[in-house]
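Listed below are the residues making up each chain.
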Amino acid sequence: MSIVPIVSSLADAARAESRRREERGSDGRGPDGATGAVGVLEPPEGIARRPLVLSSPHSGALYPADFLRQSRLDPVSLRRSEDCFVDQLFAAAPQLGATLVRALFPRAYVDPNREPYELDPAMFADSLPSFANTRSLRVLGGLGTIARVVADGAEIYREKLPFAEAEARIATCYRPYHLALTMALGEAELRHGRVVLLDCHSMPSMAGPGERDNGRGRPDIVLGDRFGMSCAPLVIEAAEGLLRDRGYRVGRNDPYAGGYITHHYGRPRRGRHALQIEINRALYMDEVRLEPNAGFAKVRQDLEALVGALATLPGAALSPES
């Protein structure tokens, strides 16, 4: 069974990173681009920077010890919510001129693909502030910013949490993730006048009982552009064409049209294009043992080709509208 990395707290992880800065270089980032709760992998020196940023918000696997104590689930059950190995599938992106922003913290701990305060009042011992979104469909399904359940519907917590716990996780994980993503996008826009954001996810091969597509077979890949709202047609058409040419069954916007990141950052009229990709886990991993399978290398190679294609899309079709 896969080993789950455990840290005493993500604050401790950040402090440990700070202590190693002298050997990492002037920007404080090491070879893995890690700074605390977020990893930023940038093109190495000598590689031309492209107007492409990748986001992997659900592949983090650093589980704080205090979180494990709060949970009624064992560590492997908590990992069912991870997009396991997605950041590894796209690890070649910096060599192709793209920046990869990845969460090191797990989705079950805090989910950056949500609004900052999508919270379930039933999870907390005290009252939530009036600005919290307590009625979204994601909250009702138990998958808010602080999730109540893991992907298979099992309850995470032994007891109710104080709201201060949510505030701390949002401050130490959620906000740094979006700050890193905003900075990467802004740098690319400043350099090129436009940018494509590829938000990278994986999906179970079989839908759960509460999902819209329960009982239906899933495609190999689902591309989401918020039904044409988050990117220019060229972006999704290029991605779909390349993946189909490589033998994948590709769907659009069903059952996943794009989450908060795609919706929030996708502004095609301003030259910012966001596309979500969901990869069927059976293609590249054993979903029970949570280990890469024999298909991993091929999927990684094909996704490298996808990154290369998106990094070199013609700029005229992606620039801001005048």
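What counts, and where the lines are drawn
- Residues numbered from 1 in each chain as written.
- Predicted model: local features only at pLDDT ≥ 70, side-chain atom pairs only at ≥ 80, totals over all residues.
- Heavy atoms only, no water.
- Helix = DSSP H or I, 4+ residues; strand = E, 2+ residues; numbered from the N terminus.
- Buried < 20%, exposed > 50% of the residue type's maximum accessible area, 1.4 Å probe, protein only.
- Contact = heavy atoms within 4.5 Å.
- Pairing = 2+ DSSP bridges.
- Axes fitted to C-alpha atoms, helices over the stretch in contact; angles between N-to-C directions.
- Parallel < 35°, antiparallel > 145°, perpendicular 65-115°, else oblique.
- Left-handed = near helix turned anticlockwise from the far one by under 90°.
- Nonpolar A, V, L, I, M, F, W, Y, C, P; charged D, E, K, R; others polar.
- Core = buried A, V, L, I, M, F, W, Y, C linked by side-chain atoms within 4.5 Å.
- Phe/Tyr/Trp six-rings, centres within 6.5 Å; stacked < 30°, edge-to-face > 60°.
- pLDDT = per-residue confidence, 0-100.
- Polar contact = N/O pair within 3.5 Å; in protein donor to acceptor, adjacent residues only side chain to side chain.
- Expected span 1.5 Å × (residues − 1).

K.L.:
Got a sec to walk through the overall build of the protein? Specific residues and values, please.
P.N.:
What the protein contains, in helices and strands, is nine helices and 12 strands. Here the protein holds 322 residues, and the buried ones make up 54% of them. Partitioning the contacts of the protein with sequence separation of at least 6, the portion at a separation of at least 24 is 78%.

K.L.:
Provide a residue-level description of the pairing of strand β10 (residues 272–280), including the pertinent values.
P.N.:
Of all nine residues that make up β10, nine are buried, and the element is covered over most of its length. Burial along β10 is two-sided: Arg 272, Ala 274, Gln 276, Glu 278 and Asn 280 and His 273, Leu 275, Ile 277 and Ile 279, pointing in opposite directions, are all buried. Examined bridge by bridge, strand β8 (residues 221–224) and β10 share four bridges and lie antiparallel to one another. Across the sheet, residue Val 222 finds its bridge partner in β10, namely Glu 278.

K.L.:
So what's going on with the environment of Val 222? Which residues, and what values?
P.N.:
If you trace the backbone, Val 222 turns up in strand β8. Look at Val 222 and you get buried, because its relative accessible area is 0%. C-alpha of Val 222 to C-alpha of Ser 202: the two residues are 20 residues apart in sequence and 9.3 Å apart in space. Contacts of Val 222, omitting those with residues within four sequence positions, involve Met 203, Gly 251, Asn 253, Asp 254, Pro 255, Tyr 256, Gln 276, Ile 277 and Glu 278.

K.L.:
An account of unusual backbone geometry is needed here, citing residue identities and associated values.
P.N.:
Omega for the bond connecting Asp 254 with Pro 255 falls within 30 degrees of zero, at 10 degrees, which places this linkage in the cis form. One non-glycine residue with positive phi stands out, namely Arg 226, at about 55 degrees. Note that Arg 226 resides in the loop between β8 and α7 (233–245). The phi angle at Phe 227 is positive, at roughly 55 degrees, despite the residue not being glycine. Within the fold, Phe 227 resides in the loop between β8 and α7. According to the relative accessible area criterion, Phe 227 is exposed, its value standing at 61%.

K.L.:
Help me get a handle on the packing of α7 against helix α9 (residues 296–311), residues and values and all.
P.N.:
Here α7 crosses α9 at 150 degrees, and the two axes come no closer than 10 Å. Taken as axis vectors, α7 and α9 run roughly antiparallel relative to one another. Crossing of α7 over α9 shows right-handed handedness. Across the interface between the two elements, Val 235, Ala 239, Leu 242 and Leu 243 of α7 pack against Asp 302, Ala 305, Leu 306, Ala 309 and Leu 310 of α9. Tallied by class, residues from the contact of α7 with α9 come to eight nonpolar, no polar and one charged.

K.L.:
Account for the nonpolar core, naming residues and giving values.
P.N.:
Val 53, Leu 78, Ile 146, Ile 156 and Leu 181 are the most contacted members of the largest nonpolar core, which totals 45 residues. Looking at this core, the elements that each hand over two or more residues are β3 (38–41), α2 (65–70), β6 (99–103), α6 (163–192), β7 (195–203) and α8 (260–265). When residues of this core are assigned to their parent elements, the largest contribution, 11 residues, is made by α6. Discounting residues that sit within four places of it in the chain, Leu 78 has contacts with Tyr 63, Phe 67, Leu 68, Ser 71, Leu 73, Ala 108, Val 150 and Ile 156. Cys 200, Ile 236, Tyr 248 and Leu 310 belong to the second-largest nonpolar core, a separate cluster that totals 41 residues.

K.L.:
Explain the packing of aromatic side chains to me, using residue names and the numbers behind them.
P.N.:
For the structure shown, the criterion picks out seven aromatic pairs. Grouped by ring-pair contacts, the aromatic residues Tyr 63, Phe 67, Tyr 109 and Tyr 157 constitute a single cluster.

K.L.:
Residues and numbers for the environment of Cys 200, please.
P.N.:
Mapped onto the elements, Cys 200 comes out in strand β7. Classification of Cys 200 by relative accessible area gives buried; the value is 1%. In this structure, the C-alpha to C-alpha distance between Cys 200 and Ile 277, residues 77 residues apart in sequence, is 5.2 Å. Beyond its immediate chain neighbours, meaning those up to four positions away, Cys 200 contacts Leu 54, Ser 55, Ser 56, Pro 57, Asp 83, Val 86, Phe 90 and Ile 277.

K.L.:
Mind laying out the confidence of the model for the protein, listing which residues take part and the relevant values?
P.N.:
Per-residue pLDDT for the protein has a mean of 89; in total, 86% of the residues score no lower than 70. Every residue in residues 8–35 is under pLDDT 50, and counting partners more than four places away or in other chains gives 35 contacts.

K.L.:
Pulling in residues and values, what's your account of the side chain of Asn 113?
P.N.:
By the element assignment, Asn 113 lies in the loop between β6 and α5 (137–140). A polar contact is formed between the side chain of Asn 113 and the backbone nitrogen of Tyr 260, at a distance of 3.2 Å. Other than its neighbours up to four places away in sequence, Asn 113 contacts His 58, Arg 138, Asp 199, His 201, Gly 259, Tyr 260, Ile 261 and Gln 276.

K.L.:
For α7, give the residues involved together with the corresponding values.
P.N.:
Given a rise of 1.5 Å per residue, 13 residues ought to cover 18 Å, and the 18 Å separating the end C-alpha atoms of α7 matches this to within 8%. Contact partners of the buried residues in α7: β7, β8, β9 (250–252), β10 and α9. Positive phi appears at Gly 247, one or two residues downstream of α7, with a value of about 95 degrees.

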